[in-house]
Amino acid sequence: MTYDSLSSRLQPGSKKLPKCDPFCLSHQGLPDFDRVFSQDTLFDVFKMLRSEDTAAGRDGARFGDLSEAEGSSLAGQLARFINTGRYQPEVPRKVEIPKVGGTRTLMIPSIRDRIVGTALKLAWSTPSESIFMDRSYGYRQGLSTWHLLADVTAEVKLGRRPIVAVDDIRNAFDSLSVDDVMAAHEQMLPGKEFDESHNKLRGRWFDMIELCLRGSTTNSRGIGQGHPYSPTALNVTLHFFHDALRKNPPPLPWFRYVDNFVRCCRKLTTVDAARAKTRQLLGKLGLELHKEIHVDLTQGESVNILGYSTSLDDGRVKFRIPEQAMAGWREKLEAAHDSADPSREAQAVAVGIAGTFGPLDEIEGTRLIEVLAAFVVEYGFDGVGSSLLQEKCNSARQRWEKICRRSFAMRSSPLNNELFNPRSLLAINQSPSRSGCAGTHGGRSLQSGESLGARQGTPPTRGPTPESPAACPF
């Protein structure tokens, strides 16, 4: 059982779904509570998490410590507790995770709470997905940091917006009011105008979400970063209190990855105005921006966007891995010696790192493969060859190029073949814009020079289907 196989059950209206599927939407858009928290479903979640061997909670137990028979028994106990109103979350384990400028507190749930939280996340991933805008990327189906980077690249190129501003929210998970989070969920869950059975089901879901977010305490502020549902809860809250309120008038292109914001513009005054509006909206939640950075890429400046140093090099948007990130590579390889199978863990670490090289150009990617391979040998793992790492890097680059193609296709029709050449699509278009050109997106007309982000409507589908760029009439 995998996350994808469980998550696929969330597609409403699918004729392939069995009648007993726990994630079938019922009662005007609400998942079936009893089936989501049935023994069978919770046991499926247990098996999925057991294959991932996640970190231990406060009780020190890991999923690998339990047999399938014990997991089935635990799932049955949880199902009975939930359906009789006796389920209560346990105290999580606090772990301080280093980050630039300090630490962040990660709350690791126990096995039982992780099972329940993951079932909750799976149940609401598709219903919540239907409300999010195409500018929100974090913890969403089929989206990643690379989609944000590709969209930023497209705005810098096609929109001629070389000034890039990067902000994040200070202690977003710890600072959110649970009441505000639940107010956002009130808007997400279909309203009370339906029949009594719907309203009862809605109340059960609402109570379960609040119970999981408040945890073992009655704290009024803070949702545990580490609980499976917390990222979705933060996304839902920021959608209703920020994203949905930035539709009219159309703002400058902005992108959000959970609690990180990136904006692209032509003038610094535009950045100041956009930040002021965001501060105003976040202030109503008791949140504030920090690390407010902006650079002009045309002036040789660079900025870190979600772990990638971003700059212009000879008119091209270029991404690099910051030097300080390599210290983290060493730490992970050193920690591999403490695992049950050091060689296998070291290979997984090295291959995982190489998989992040997709947005780098070929020269930089090859250079870092050599650096990484040298680190692997330095820490005594000779079984991981550079050819394997290079293969992973090449695969990642192909994936990145596909994401870039889609991002550019969504924002402009092709004016020439070079635009969709993966070797040159990152180049800044220096030629004058051609007036009168229009592309299409989702059946809507895009006027010349207009960013997709300037119009709001049904978010574009970002599935794996191939792109079909519209022709540009002259």
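Cut-offs used in this document
Residues numbered from 1 in each chain as written. Predicted model: local features only at pLDDT ≥ 70, side-chain atom pairs only at ≥ 80, totals over all residues. Heavy atoms only, no water. Helix = DSSP H or I, 4+ residues; strand = E, 2+ residues; numbered from the N terminus. Buried < 20%, exposed > 50% of the residue type's maximum accessible area, 1.4 Å probe, protein only. Core = buried A, V, L, I, M, F, W, Y, C linked by side-chain atoms within 4.5 Å. Contact = heavy atoms within 4.5 Å. Salt bridge = Lys/Arg side-chain N within 4 Å of Asp/Glu carboxyl O. Pairing = 2+ DSSP bridges. Axes fitted to C-alpha atoms, helices over the stretch in contact; angles between N-to-C directions. Expected span 1.5 Å × (residues − 1). Arc of directions from axis to C-beta. Phe/Tyr/Trp six-rings, centres within 6.5 Å; stacked < 30°, edge-to-face > 60°. Left-handed = near helix turned anticlockwise from the far one by under 90°. Nonpolar A, V, L, I, M, F, W, Y, C, P; charged D, E, K, R; others polar. Parallel < 35°, antiparallel > 145°, perpendicular 65-115°, else oblique. Bend = angle between axes of the 7 residues up to and from the residue.

A. How the structure looks around unusual backbone geometry. A positive phi angle, near 55°, is found at Tyr-139, a position not held by glycine. Within the secondary structure, Tyr-139 is located in the loop between helix H5 (111–129) and helix H6 (145–158). In this structure Tyr-139 comes out as exposed when scored by relative accessible area, which is 56%. Not every positive phi belongs to a glycine, and Asp-314 is a case in point at roughly 55°. You can see Asp-314 is positioned in the loop between strand S10 (308–313) and strand S11 (316–320). Take Asp-314: its relative accessible area is 75%, and that puts it in the exposed class.

B. Broad picture of the nonpolar core. Grouped together as the largest cluster of nonpolar side chains are 105 residues, with contacts concentrated most on Phe-37, Ile-115, Trp-124 and Trp-205. With 8 residues, the single largest contributor to this core is H5. Those residues in contact with Trp-205 that lie beyond four places of it in its chain are Leu-30, Pro-31, Asp-32, Phe-33, Val-36, Phe-37, Leu-120, Ala-123, Trp-124 and Leu-189.

C. Structural detail: the pattern of salt bridges. Following the criterion strictly, the structure yields 20 salt bridges and no others. Two residues, Asp-167 and Arg-275, come together in a salt bridge whose shortest N-O distance is 2.7 Å. Taken together, the residues span a long stretch of sequence, with Asp-167 in strand S5 (residues 163–169) and Arg-275 in helix H11 (residues 268–283) at a distance of 108 residues. Accessibility assignment for this pair places Asp-167 and Arg-275 in one class, buried. The salt bridge partner of Asp-313 is Arg-320, with a shortest N-O separation of 3.8 Å. Residue Asp-313 is classed as partly exposed on the basis of its relative accessible area, which comes to 33%. If you follow the salt bridges from partner to partner, you end up with Asp-313, Lys-318, Arg-320 and Asp-361 in one network.

D. Looking closely at the pairing of S11. Bridging between S10 and S11 involves 5 bridges; their strand directions are antiparallel. Counted as the bridge partner of Leu-312 is Val-317 from S11. Here S10 folds back onto S11 in antiparallel fashion, the turn holding 2 residues, of which Asp-314 has a positive phi close to 55°.

E. Highlighting the sheet that holds strand S8 (residues 289–296). Strands sit in the order S6-S7-S5-S8 across an open sheet of 4 strands; the sheet is antiparallel. The open sheet has two edge strands, strand S6 (254–257) and S8, and neither has a second partner. Averaged over all adjacent pairs, the angle separating strand axes in this sheet is 15°, with direction ignored. Sheet analysis places S6 next to strand S7 (residues 260–265), joined by 4 bridges and oriented antiparallel.

F. Up close: helix H12 (residues 325–336). The end-to-end C-alpha separation of H12 is 17 Å, in line with the 16 Å expected for 12 residues at 1.5 Å each. Within H12, burial applies to Met-326, Trp-329, Leu-333 and Ala-336. Down the axis, H12 shows its buried residues gathered within 65° of arc, on one side only. Buried positions along H12 lie against helix H13 (342–354) and helix H14 (362–378).

G. Region of the structure containing the packing of aromatic side chains. As enumerated under the stated definition, the model contains 12 aromatic pairs in all. Ring geometry for Tyr-308 versus Phe-319: centroids 6.4 Å apart, planes at 80°, classification edge-to-face. Of this pair, Tyr-308 sits in strand S10 while Phe-319 sits in strand S11, placing them 11 residues apart in sequence. Note on accessibility: Tyr-308 and Phe-319 belong to one class, buried. Plain terms: the ring middles of Trp-329 and Phe-357 are 5.8 Å apart, the flat faces sit at 45° to each other, and that makes the pair tilted. You can see Trp-329 sitting in helix H12 and its partner Phe-357 sitting in the loop between H13 and H14, a full 28 residues away along the chain.

H. Here's a closer look at the packing of H12 against H14. As a packed pair, H12 and H14 sit with axes 10 Å apart at the nearest point and diverge in direction by 35°. Like other packed secondary-structure pairs, H12 and H14 cross with a definite hand, here right-handed. Where H12 abuts H14, its residues Met-326, Trp-329, Arg-330 and Leu-333 lie against Arg-367, Leu-368, Val-371, Leu-372, Phe-375, Val-376 and Glu-378. For the contact of H12 with H14, the class distribution of residues is 8 nonpolar, no polar and 3 charged.

I. The arrangement of the packing of helix H3 (residues 39–52) against helix H4 (residues 68–83) in detail. Where H3 contacts H4, the two axes come as close as 8 Å, and the packing angle between them is 135°. The angle between H3 and H4 falls in the class oblique. Between H3 and H4 lies a crossing of right-handed hand. Every residue of H4 that contacts H3 at Gln-39, Leu-42, Phe-43, Phe-46, Lys-47 and Arg-50 is listed here: Glu-68, Gly-71, Ser-72, Ala-75, Gly-76, Leu-78, Ala-79 and Ile-82.

J. Fine view of H5. For H5, with 19 residues, the first-to-last C-alpha span of 26 Å sits near the 27 Å given by 1.5 Å per residue. The largest bend along H5 reaches roughly 30° and is located at Ala-123, with the proline Pro-127 sitting one to four residues downstream. Taking burial as the measure, the 19 residues of H5 include 18 buried ones, the bulk of the element.

K. Spotlight on the environment of Gly-358. Looking at the element boundaries, Gly-358 is found in the loop between H13 and H14. On the basis of relative accessibility, which here comes to 0%, the residue Gly-358 falls in the buried class. In the structure, Gly-358 is positioned 212 residues away from Trp-146 in sequence and 8.6 Å away in space, judged by C-alpha atoms. Not counting the four nearest positions on each side in its chain, Gly-358 is found in contact with Trp-146, Ala-396, Arg-397 and Trp-400.

L. Molecular detail of the sheet that holds S11. In space, the 3 strands of this open sheet follow the order S9-S10-S11, with antiparallel pairing throughout. A strand with exactly one partner marks an edge of an open sheet, and here the two such strands are strand S9 (303–305) and S11. Direction aside, neighbouring strands of the sheet carry axes that sit 40° apart on average. Here S9 runs beside S10; their pairing, made up of 3 bridges, is antiparallel. Looking at the pairing, Ile-305 lines up with Tyr-308 of S10.

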